[in-house]
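Remarks on the overall topology
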Amino acid sequence: MKSLSLLFAVALCLGLPARLLAELSLPHFFSDHMVLQRERAAAIWGTATPKSEVTVSFKGKTATATADEQGHWHAAIPTGAADATGAELTVKAGADIATIKDVLVGEVWLASGQSNMFYTINRSPAYAELMTKASHPGLRMFNAPLVTAEKPQADIAGEWALCTPETVPGFSAVAFFFALKLHQELGVPVGVLKTCWGGKPVETFTSLEALSTLPGTKEMVDKLMTEAAAYDPARAQATYEASLKKWQDTMAAAKGKPAEERKRLPKKPAAPKPPLETEGRPGVLFNAMIHPFAGYSLRGAIWYQGEGNAKAGAVPYDQTLPLMIRDWRKRWGDDFSFYFVQLANFHAPSTAPGTPDPWALLQDRMRHILASTPKTGMAVINDVGEVSDIHPKDKMTPGYRLARWALAKDYGRDLVYSSPLYKSSEVKDGAVRVTFDHAGKGLKSRDGTALKRFEIAGADRVWHWADAKIDSKDTVVVSSAEVRQPVAVRYAWAANPEGANLVNSDDLPASVFRTDDWNDVEAVPPLTQASQDADDRRVLAAEIKTLNAKLQGMDRKSEEALALRKKVQQLLTKFKATAPKK
């Protein structure tokens, strides 16, 4: 198998036309130890001599196809019930034959996203002992390499690995725990196609074709194409070499100096890449790391990404992720299940209500996807994040919470699968009664203390911390003595809503939500110096006005009045100093 695929890859690199490829070839993921989706006609495809007849055989079943003029062929073989006993799958085309060994039948899922999905299990010390006992031959993972491509690719390198103490350290931790839960609960083989890359936005996993249908993402595509057209390899290389020389000189000059004299050393410049082959750019990872798998028969996909899109001014995530989901389902020709992880809590805990935050905004937009996009689910993990690490070490929790969705929705298990989600609200008697879906047997406080992180506001849109009490199985009454006529409520609206403790009967944490549609949630991009100075002057002017008002009616000779006048003079000096230059 490997030799056939290698020969095909070499031929492609040499630019040989398909009609000259006499050898049968299949993509790398159709290889030893693979898992086929049970109870389906599993898709198998590859290349062969043009117009040749191809026969696929598996466990007494056969399927045939005819290679087209370019040598491409596609067949579908019935898989039957789950089977943990390895069998052989053979593909014949003329005199050529490819034999794939130890093929299992079970459940297949694709795992993708950025670094928190890529995060390997050996990075969490808590799983050290677990890894030594992780012998699960029916759990297998195909690990795709990090590659880019200008055009959609038909193949990607990699191989299937059985779960053993030797291989599991390199498995995606979230995908491993998701697959392990399914494997143990269902008692069938589980295969995972893992294809992800850290730090990358959702747009790079989406095709250029799909991105061009949405105004916000079309701008990204247009910008990319403009850059690609203007890209000059020679100029880019010359610029890189000059930057590299400058960096080398800086590092040489710093060598041997005490740390306090080195200052902050620059990062080594990266070698130039054409825009259409640069990781993170629109469509690039779709071409190289998603498109090759399109059509592989599976039950669904799991997704952990969003950190790369949680920034001010980003195209709303409840537009971009559904766009990608639709794009993938179209490529597969299958409305498969799609379950994603809501971002974990991150950064220092916020202390003030009503703080705009791109992290919370993206989390809330993720929540809206559940209603807008069929067959989706969301694992809420605002209870497992870390203040200073964007990569929480607890990967078992998100993996298992994703598995709850699959067990309930895809495998018919009767269990609480979702966190409490905002359903509706009603203002009555100076309070807001909020109703939740997915309360299980009833809402509760995780730690038994009063509910925290609820905010409330009136028509003035000024937010205050609120009192919140569970009123029934699925409702919470929110109020504040400072807001006599409330109109809106928010919950856990922060990158790190420390203290948020509303959970359902299965201890699944409630998702961030808001009942309003005000425009104060979008974090403002960094101000220019001029606009910052203008803002500072407005603050100073307001403070001077307040102090002057206090001076009215005071004994001008009193110590308090003298102190206030001194303070006013200091503020006036600052106010004049920040005046625009003429």
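Up top you'll find the structure we're talking about.
None of these values were measured; they are calculated from a predicted model.

1. As for the overall build of the protein
Along its length, the protein carries 14 helices and 23 strands. Residue burial in the protein is summarised as follows: out of 582 residues, 48% are buried. When the accessible surface of the protein is totalled, it reaches about 27600 Å², and 53% of it is carbon and sulfur. Taken as two groups, the 72 positive and 66 negative side-chain charges of the protein have centres that lie 5 Å from each other.

2. Comments concerning the packing of aromatic side chains
Under the defined criterion, the tally for this structure stands at 29 aromatic pairs. Judged by centre distance (6.1 Å) and plane angle (35°), the rings of Tyr 339 and Trp 405 are tilted. Placement of the pair is Tyr 339 in strand E12 (residues 337–341) and Trp 405 in helix H12 (residues 396–409), with a sequence separation of 66 residues. For Tyr 339, a relative accessible area of 2% translates into the label buried. The class for Trp 405 is buried, based on a relative accessible area of 4%. Through a chain of ring-to-ring contacts, three or more aromatic side chains come together here, namely Phe 29, Phe 30, Trp 45, Phe 142, Trp 160, Phe 293 and Tyr 296. Positioned above the aromatic ring of Tyr 119, the side-chain terminus of Lys 395 is 4.1 Å from the ring centre.

3. Topic: the packing of helix H4 (residues 173–186) against H12
One way to put it is that H4 packs onto H12 with a least axis distance of 7 Å and a crossing angle of 45°. Here H4 lies oblique to H12, going by the angle between them. Seen along the crossing, H4 lies across H12 with a hand that is right-handed. Judged by residue contacts, Val 174, Phe 177, Phe 178, Leu 180, Lys 181, Leu 182, Glu 185 and Leu 186 of H4 engage Met 396, Pro 398, Gly 399, Tyr 400, Leu 402, Ala 403, Ala 406 and Leu 407 from H12. Classifying every residue of the contact of H4 with H12 by side-chain character gives 13 nonpolar, one polar and two charged.

4. Here we look at the nonpolar core
Looking at soluble globular proteins, one finds that nonpolar side chains tend to be buried together. Trp 73, Tyr 296 and Trp 328 are the most contacted members of the largest nonpolar core, which totals 73 residues. In terms of residues, this core owes the most to one element, strand E7 (residues 96–113), which gives seven residues. Not counting residues within four places of it along the chain, the set of residues in contact with Trp 328 comprises Leu 110, Ser 112, Phe 205, Phe 286, Ile 290, Ala 301, Trp 303, Phe 336 and Phe 338. The next biggest cluster of nonpolar side chains, apart from the first, holds 44 residues, and it includes Leu 186, Val 188, Tyr 339 and Ala 408.

5. Concerning the pairing of strand E10 (residues 190–196)
Burial analysis of E10 places seven of its seven residues in the buried class, the great majority of the element. Because side chains alternate across E10, one face comprises the buried residues Val 190, Val 192, Lys 194 and Cys 196, and the other comprises Gly 191, Leu 193 and Thr 195, equally buried. In terms of strand pairing, E7 meets E10 through seven bridges, oriented parallel. Within E10, the position partnered with Ala 111 by the bridge is Lys 194. Pairing of strand E8 (residues 136–143) with E10, which is carried by five bridges, proceeds in the parallel orientation. When the bridges of E10 are listed, Arg 140 appears paired with Gly 191.

6. Focus on helix H10 (residues 317–332)
Residue pairs three or four apart in sequence face the same way in an α-helix, which turns once every 3.6 residues. In a regular helix each residue adds 1.5 Å, so 16 residues correspond to 22 Å; H10 covers 22 Å between its end C-alpha atoms and thus fits that length. Those residues of H10 not exposed but buried are Tyr 317, Thr 320, Leu 321, Pro 322, Leu 323, Met 324, Ile 325, Asp 327, Trp 328, Arg 329 and Trp 332. Within two residues after H10, Gly 333 carries a phi angle of roughly 65°, on the positive side.

7. Digging into the sheet that holds strand E20 (residues 475–479)
With respect to topology, four strands assemble into an open sheet ordered E14-E15-E20-E19, the strand pairing being antiparallel. The open sheet has two free edges, formed respectively by strand E14 (421–428) and strand E19 (467–472), since each of these has just one partner strand. Across this sheet, the average inter-strand angle for adjacent strands is 25°, counted without regard to direction. Examined bridge by bridge, E19 and E20 share five bridges and lie antiparallel to one another. Paired with Asp 467 across the strands is Ser 479, a residue of E20.

8. Looking at the environment of Pro 509
Looking at where Pro 509 falls in the secondary structure, it is placed in the loop between strand E22 (502–503) and strand E23 (513–514). Note: C-alpha distance between Pro 509 and Ser 112 (397 residues apart in sequence) is 24 Å. Once residues within four sequence positions are removed from consideration, Pro 509 is found in contact with Val 380, Asn 382, Asp 383, Arg 401, Ser 419, Pro 420, Arg 446, Leu 502 and Val 503.

9. Some remarks on the sheet that holds E23
The strands that make up a sheet pair up through hydrogen bonds in the backbone, lying either parallel or antiparallel. The four strands lie next to each other as E18-E17-E21-E23, forming an open sheet whose pairing is antiparallel. Across the chains shown, the open sheet's two edge strands, defined by having one partner strand only, are strand E18 (463–465) and E23. Note: strand E17 (residues 454–457) against strand E21 (residues 488–491), four bridges, orientation antiparallel. Across the sheet, the residue bridging to Ile 456 is Val 489, located in E21.

10. Concerning helix H14 (residues 559–577)
If you check H14, its first and last C-alpha atoms are 27 Å apart, about what 19 residues at 1.5 Å a residue would give, namely 27 Å. Buried residues of H14: Ala 561, Leu 564, Val 568 and Leu 571, and no others. The arc that holds the buried residues of H14, viewed along the axis, is 85°, so those residues lie on one side. Within H14, the exposed residues directed more than 90 degrees away from the buried face are Glu 559, Lys 566, Gln 569, Thr 573, Lys 574 and Ala 577.

11. As for unusual backbone geometry
Located in the positive-phi region is Glu 39, a residue other than glycine, with phi close to 55°. Relative to the elements of secondary structure, Glu 39 occurs in the loop between strand E1 (35–37) and strand E2 (41–47). Note on Glu 39: relative accessible area 54%, which makes it exposed. Here the phi dihedral of Asp 102 falls at roughly 55°; this positive angle occurs in a residue that is not glycine.

Criteria and thresholds
- Residues numbered from 1 in each chain as written.
- Predicted model: local features only at pLDDT ≥ 70, side-chain atom pairs only at ≥ 80, totals over all residues.
- Heavy atoms only, no water.
- Helix = DSSP H or I, 4+ residues; strand = E, 2+ residues; numbered from the N terminus.
- Buried < 20%, exposed > 50% of the residue type's maximum accessible area, 1.4 Å probe, protein only.
- Areas by Shrake-Rupley, 256 points an atom, 1.4 Å probe, with all protein chains shown as cover.
- Lys, Arg positive; Asp, Glu negative; His and termini not counted.
- Charge placed at Lys NZ, Arg CZ, Asp CG, Glu CD.
- Phe/Tyr/Trp six-rings, centres within 6.5 Å; stacked < 30°, edge-to-face > 60°.
- Lys NZ or Arg CZ within 6 Å of the ring centre and 35° of its normal.
- Axes fitted to C-alpha atoms, helices over the stretch in contact; angles between N-to-C directions.
- Parallel < 35°, antiparallel > 145°, perpendicular 65-115°, else oblique.
- Left-handed = near helix turned anticlockwise from the far one by under 90°.
- Contact = heavy atoms within 4.5 Å.
- Nonpolar A, V, L, I, M, F, W, Y, C, P; charged D, E, K, R; others polar.
- Core = buried A, V, L, I, M, F, W, Y, C linked by side-chain atoms within 4.5 Å.
- Pairing = 2+ DSSP bridges.
- Expected span 1.5 Å × (residues − 1).
- Arc of directions from axis to C-beta.

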